[in-house]
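A look at the structure
The chain contents come next:
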Amino acid sequence: MRRKDREITQPEQIYEIIKKCDVCRIAFFDKDFPYIVPVNFGATFENGVFTLYFHGADAGKKMALLQQNNAVAFEMDCKHTLIEGQKGCDYTMKYQSVCGTGHLQKLTEEQKVQALSIIMKQYTNKEVSFQPERVKATAVLKLTVEQITAKSNI
């Protein structure tokens, strides 16, 4: 990382940034160009391992690319504030960001509800229930993070 003064290396601090974000972008391998899709997510940090969870339709380009290659990259960012300057090059942006890579897998029916609960915890502290027919129709994905970096300019 070029800007070592902005690098966050403590996993607990990285997890705090993740909890502030509300969108994660996943990059899949495609033929000529990467395919990036923004998604809602949930996260855990247990025993030194970051895990991200996503949900969506069980069809479409994202699922087709996942079947071809489950190695993905991800990015999320938050806390954006424009800092104005006297001249164009004096402007800057306050932010926090997390990037990484890992392997994505589709969860089994038995694993879906727990993962969906983790996703909901990202956005609300309310206890929620899930309609079984909607859970069955939803694809739930788990990303085991293998490499992660974070930056903060706050």
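So, here's what we can say about the structure.

**Description of unusual backbone geometry**
Phi is positive for asparagine 47, close to 55°, though the residue is something other than glycine. Here asparagine 47 lies in the loop between strand S4 (42-46) and strand S5 (49-56).

**Looking at the nonpolar core**
Ranked by size, the top nonpolar core spans 30 residues in total, and within it Phe41, Leu52, Phe54 and Met76 carry the most contacts. Among the secondary structure elements, those contributing two or more residues to this core are helix H1 (11-20), strand S2 (24-28), strand S3 (35-39), S5, helix H2 (61-68), strand S6 (71-83), strand S7 (92-106) and strand S8 (139-152). Here the element with the most residues in this core is S8; it accounts for five residues. The contact partners of leucine 52, leaving out residues within four places of it in the chain, are Cys24, Phe41, Gly42, Ala43, Phe74, Met76, Leu141, Lys142, Leu143 and Val145.

**What about the pattern of salt bridges?**
Side chains that differ in charge, positive against negative, can pair when their charged atoms come close. Under the counting rule described, the total for this entry stands at six salt bridges. Its salt-bridge partner being aspartate 30, residue lysine 61 comes within 3.0 Å of it at the nearest N-O pair. Here the residue lysine 61 occupies a position in helix H2, and aspartate 30 occupies one in the loop between S2 and S3, the gap between them amounting to 31 residues. A residue is classified by how much of its surface remains accessible, and lysine 61, at 42% relative accessible area, is partly exposed. Residue aspartate 58 is joined to lysine 106 by a salt bridge in which the shortest nitrogen-to-oxygen separation is 2.8 Å. Separated by 48 residues along the polypeptide, aspartate 58 in the loop between S5 and H2 and lysine 106 in strand S7 bring together distant segments of the chain. Note on aspartate 58: relative accessible area 42%, which makes it partly exposed. Residue classification places lysine 106 among the partly exposed positions, given a relative accessible area of 44%. One salt-bridge network, in which partners are shared between bridges, spans Arg25, Glu75 and Asp77.

Here is what the cut-offs are and how they apply
- Residues numbered from 1 in each chain as written.
- Predicted model: local features only at pLDDT ≥ 70, side-chain atom pairs only at ≥ 80, totals over all residues.
- Heavy atoms only, no water.
- Helix = DSSP H or I, 4+ residues; strand = E, 2+ residues; numbered from the N terminus.
- Core = buried A, V, L, I, M, F, W, Y, C linked by side-chain atoms within 4.5 Å.
- Buried < 20%, exposed > 50% of the residue type's maximum accessible area, 1.4 Å probe, protein only.
- Contact = heavy atoms within 4.5 Å.
- Salt bridge = Lys/Arg side-chain N within 4 Å of Asp/Glu carboxyl O.

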